[in-house]
Amino acid sequence: MKKNIYIMSANISSINESMDTTGTLSTSISLTTKLYKKRYFILLLFILLSMSNAFQWIEYAIIENIVVKYYGTTTFWVNCTSVVFMAAYIAGILPATFLLDTKGLRFCILFGSFVNCLGSWIKCFSVETDRFYVTMIGQSVVAVAQLFILNIPPLLAAVWFSDKEVSRATAYGVFGNQVGIAIGFFVPSLIVPNFSNDNDSHDITTLSSTTVIDVSDKIIGTAEVGSGLRTLFFGVAIFTTLLFVLIVLFFKDKPDLPPSTAQANAQAVNENSSFMGSLKALATNPNYVLLFFTYGLNTGVFYAVSTVLNQMVTGALGEHYVKEAGYMGFTLTLAGILGSIVCGYLLDWTKLFKQITLGVYLLSLVGMIAFTVTLHFKSVW
């Protein structure tokens with residue numbers, strides 16, 4: 001794609017066309033490249049933005065049983081707080097990519113950061129037992145923000161980093177999303193208390209702010225759960241607001257000079273390309289189509305398991321294993337974080353793209369089989 005996720009914008013110092021002595025048109029391209037130290041700060045801002053967005057994707061699903069009881073809703077609707085992210089991505093990724101192609105990196109990052117912040121604040125007004133609909137509105141807004149975040153890492157890496165750094169910078173960009181997911185698995189179960197270990201005898205539809213349950217000498221009711229949710233939502237909202245301000249002040253679309261000759265040449269190559277033309281080229285590329293479907297299967301399984309992880313763990317081990325489900329999700333994503341960094345370095349050093357991809361897919365398969373089998377052992381370890 002023109003300025004797409006792999007080779008985007010470039011800055012050409014000068015292009016001088018002249019006729020040589022034989023009458024043949026020749027083109028001399030004088031290129032000046034430079035690596036700016038600011039590229040690390042730009043990457044850090046994006047990593048934090050991606051973290052804050054990914055955190056919100058899973059923050060409800062990982063405490064599903066608590067959310068169901070607090071709002072008096074159903075598991076289906078709690079799952080929808082996660083699924084809405086996938087639905088929004090399917091519906092909006094092409095328009096979002098078109099905007100990235102036409103408006104540039106800074107515009108999309110600013111817009112994504114603003115929408116992410118807006119959705120975070122909307123959820124702050126959902127901390128009442130009858131306001132789950134506000135939760136869904138806020139979560140839907142945050143889901144729209146991801147459209148302007150998830151496809152940024154390769155673009156940002158290509159625009160700001162040298163050829164030797166592109167794979168690593170892309171890996172660190174993805175690293176932000178994974179860290180956010182890991183924290184999203186871990187933190188909500190620590191901040192938001194569970195009602196009880198065994199609460200089946202209570203009518204969850206009649207719980208009120210005065211309802212209390214004595215569990216292991218602790219009095220836990222909807223007031224305490226609401227306080228935990230309020231702390232969670234306002235903490236995220238304040239963080240995303242500060243991040244939005246930093247992005248407004250410091251995030252640049254691209255450096256004054258390109259980081260590499262290849263990046264500089266990319267602008268000249270893409271000047272005559274079109275968005276729809278590049279889409280057609282991708283759709284007719286068998287290698288890309290194969291990667292599209294296989295990567296989709298892998299990430300689809302990851303998102304599905306993450307969404308219902310709480311239900312799988314508490315269903316097999318017991319309702320009081322909410323924190324353990326969070327630890328499992330954290331461990332799952334931490335492995336992905338380490339893997340993405342290692343693969344980034346390996347790709348830069350070896351350029352063995354197919355072999356490394358096959359290795360990742362094989363590990364995914366083995367890991368999923370192991371998880372499926374061991375879940376039936378009813379043992380946390």
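Residues numbered from 1 in each chain as written. Predicted model: local features only at pLDDT ≥ 70, side-chain atom pairs only at ≥ 80, totals over all residues. Heavy atoms only, no water.

An unreviewed UniProt entry lists the chain under the name Major facilitator superfamily (MFS) profile domain-containing protein, with Medioppia subpectinata given as the organism.

S.K.: Can you help me understand the overall build of the chain in this one?
M.R.: When helices and strands are counted, the chain shows 13 helices and four strands. Expressed as a percentage of its 381 residues, the buried residues of the chain come to 44%. For the chain, long-range pairs separated by at least 24 residues make up 80% of all intrachain contacts whose partners lie at least 6 apart in sequence. Carbon and sulfur atoms make up 68% of the accessible area of the chain, which amounts to about 19,000 Å² in all. (Helix = DSSP H or I, 4+ residues; strand = E, 2+ residues; numbered from the N terminus. Buried < 20%, exposed > 50% of the residue type's maximum accessible area, 1.4 Å probe, protein only. Contact = heavy atoms within 4.5 Å. Areas by Shrake-Rupley, 256 points an atom, 1.4 Å probe, with all protein chains shown as cover.)

S.K.: What am I meant to see in the nonpolar core here?
M.R.: Soluble globular proteins tend to bury their nonpolar side chains together. Ranked by internal contacts, the top residues of the largest apolar core, which has 40 residues, are Ile 63, Leu 229 and Phe 233. Here this core gets six residues from one element, more than from any other, and that element is helix 8 (residues 222–250). Once residues lying within four places of it in the same chain are set aside, the contact partners of Phe 233 are Glu 59, Tyr 60, Tyr 71, Ser 120, Lys 123, Cys 124, Ser 126 and Val 127. Grouped together as the second largest cluster of nonpolar side chains are 30 residues, Phe 46, Phe 148, Ile 149 and Leu 243 included. (Core = buried A, V, L, I, M, F, W, Y, C linked by side-chain atoms within 4.5 Å.)

S.K.: What am I meant to see in the pattern of salt bridges here?
M.R.: In a structure, side chains of opposite charge can pair up when their charged atoms sit close to one another. Under the defined criterion, the tally for this structure stands at two salt bridges. Two residues, Arg 39 and Glu 165, come together in a salt bridge whose shortest N-O distance is 3.0 Å. Here Arg 39 is found in helix 1 (residues 38–58), whereas its partner Glu 165 is found in the loop between helix 6 (153–160) and helix 7 (166–191), with 126 residues between them in sequence. Glu 165 shares its class with Arg 39; the two are buried. (Salt bridge = Lys/Arg side-chain N within 4 Å of Asp/Glu carboxyl O.)

S.K.: What's the story with a nonpolar patch on the surface in this structure? I'm lost.
M.R.: A cluster of nonpolar residues, Phe 41, Leu 44, Val 245, Leu 246, Val 248, Leu 249 and Phe 250, forms a patch on the protein surface that exposes about 560 Å² of accessible area. Only helix 1 and helix 8 provide two or more residues apiece to the nonpolar patch. At five residues, helix 8 tops the list of elements feeding residues into the nonpolar patch. (Patch = residues over 30% accessible without salt bridge, like charges linked within 9 Å, V, L, I, M, F, W, Y side chains within 5 Å.)

S.K.: Honestly, the packing of helix 12 (residues 322–350) against helix 13 (residues 353–375) in this entry has me stumped. Any pointers?
M.R.: Angle between the axes and distance between the axes: these two values describe a pair of packed helices. Relative to each other, helix 12 and helix 13 sit at 155 degrees, their axes nearing to 10 Å. It follows from the interaxial angle that helix 12 and helix 13 lie roughly antiparallel. In the packing of helix 12 onto helix 13, the handedness of the crossing is right-handed. Across the interface between the two elements, Cys 343, Leu 346, Leu 347 and Thr 350 from helix 12 touch Phe 353, Ile 356 and Val 360 from helix 13. (Axes fitted to C-alpha atoms, helices over the stretch in contact; angles between N-to-C directions. Parallel < 35°, antiparallel > 145°, perpendicular 65-115°, else oblique. Left-handed = near helix turned anticlockwise from the far one by under 90°.)

S.K.: When you look at the environment of Ala 96 in this model, what are you seeing that I'm missing?
M.R.: Within the element layout of this structure, Ala 96 appears in helix 3 (residues 75–103). On the basis of relative accessible area, Ala 96 is assigned to the buried category, the value being 3%.

S.K.: I tried to follow the packing of aromatic side chains on my own but got confused; where do I start?
M.R.: Any pair of aromatic rings gets described here by the distance separating the centres and the angle formed by the planes. Within the structure shown, the criterion is met by 18 aromatic pairs. A ring pair is formed by Tyr 40 and Phe 161, whose centres lie 6.1 Å apart and whose planes are at 75 degrees; its orientation type is edge-to-face. Separated by 121 residues along the polypeptide, Tyr 40 in helix 1 and Phe 161 in the loop between helix 6 and helix 7 bring together distant segments of the chain. Centroid distance Phe 114 to Phe 244: 5.9 Å. Interplanar angle 55 degrees. Geometry classified as tilted. Taken as a pair, Phe 114 in helix 4 (residues 105–124) and Phe 244 in helix 8 lie far apart in primary sequence, 130 residues in all. (Phe/Tyr/Trp six-rings, centres within 6.5 Å; stacked < 30°, edge-to-face > 60°.)

S.K.: Mind showing me how you'd approach unusual backbone geometry here?
M.R.: Only a minority of non-glycine residues have a phi that is not negative, and only a minority of peptide bonds are not trans. Within the chain, Lys 351 stands out as a residue other than glycine whose phi angle is a positive 60 degrees. Note that Lys 351 resides in the loop between helix 12 and helix 13. By relative accessible area, Lys 351 is classed as partly exposed at 46%.

S.K.: Would you take a moment to explain the confidence of the model for the chain for this structure?
M.R.: For any part of a model where pLDDT is low, the fine detail of the predicted coordinates should not be relied upon. Residues of the chain with pLDDT of at least 70 account for 82%, and the chain-wide mean is 80. Low pLDDT, under 50, characterises residues 1–30; the predicted model gives this stretch 72 contacts beyond four residues in sequence or across chains. In the model, residues 198–217 has pLDDT below 50 throughout and makes 30 contacts with residues more than four positions away in sequence or in other chains. (pLDDT = per-residue confidence, 0-100.)

S.K.: It is not clear to me how the side chain of Ser 120 should be interpreted in this structure. Could you clarify?
M.R.: Inspection of the secondary structure assignment puts Ser 120 in helix 4. Among the polar contacts made by the side chain of Ser 120, one reaches the main-chain carbonyl oxygen of Asn 116 at a distance of 2.8 Å. With residues up to four places along the chain from it excluded, the contact list for Ser 120 reads Gln 56, Val 142, Phe 233, Val 236, Ala 237 and Thr 240. (Polar contact = N/O pair within 3.5 Å; in protein donor to acceptor, adjacent residues only side chain to side chain.)

S.K.: Sorry, what's going on with helix 1 here?
M.R.: It helps to recall that an α-helix has 3.6 residues per turn; residues three or four apart then point in one direction. Here helix 1 contains 21 residues, and its C-alpha end-to-end distance of 32 Å stays within 8% of the 30 Å for a straight helix at 1.5 Å per residue. Taken across its 21 residues, helix 1 has 16 buried, putting it largely inside the fold. (Expected span 1.5 Å × (residues − 1).)

S.K.: Even after reading the chapter, I still don't get the environment of Val 322, so can you show me in this structure?
M.R.: Positionally, Val 322 belongs in helix 12. Residue class for Val 322 comes out buried when judged on its relative accessible area of 4%. Taking the C-alpha atoms as reference points, Val 322 and Asn 65, 257 residues apart in sequence, are found 8.2 Å from one another. Those residues in contact with Val 322, other than ones at most four positions away along the chain, are Ile 62, Ile 63, Asn 65, Ile 66, Ser 189, Asn 194, Asn 310 and Thr 314.

S.K.: I keep staring at the packing of helix 7 against helix 8 and nothing clicks. Help me out?
M.R.: Look at helix 7 against helix 8: their axes get within 9 Å of each other, and the N-to-C directions meet at 140 degrees. Between helix 7 and helix 8, the angle falls in the class oblique. Residue-level inspection shows Val 187, Pro 188 and Ile 191 of helix 7 in contact with helix 8, the latter providing Gly 228, Thr 231 and Leu 232. Looking at the contact of helix 7 with helix 8 residue by residue, the class counts come to four nonpolar, two polar and no charged. (Nonpolar A, V, L, I, M, F, W, Y, C, P; charged D, E, K, R; others polar.)

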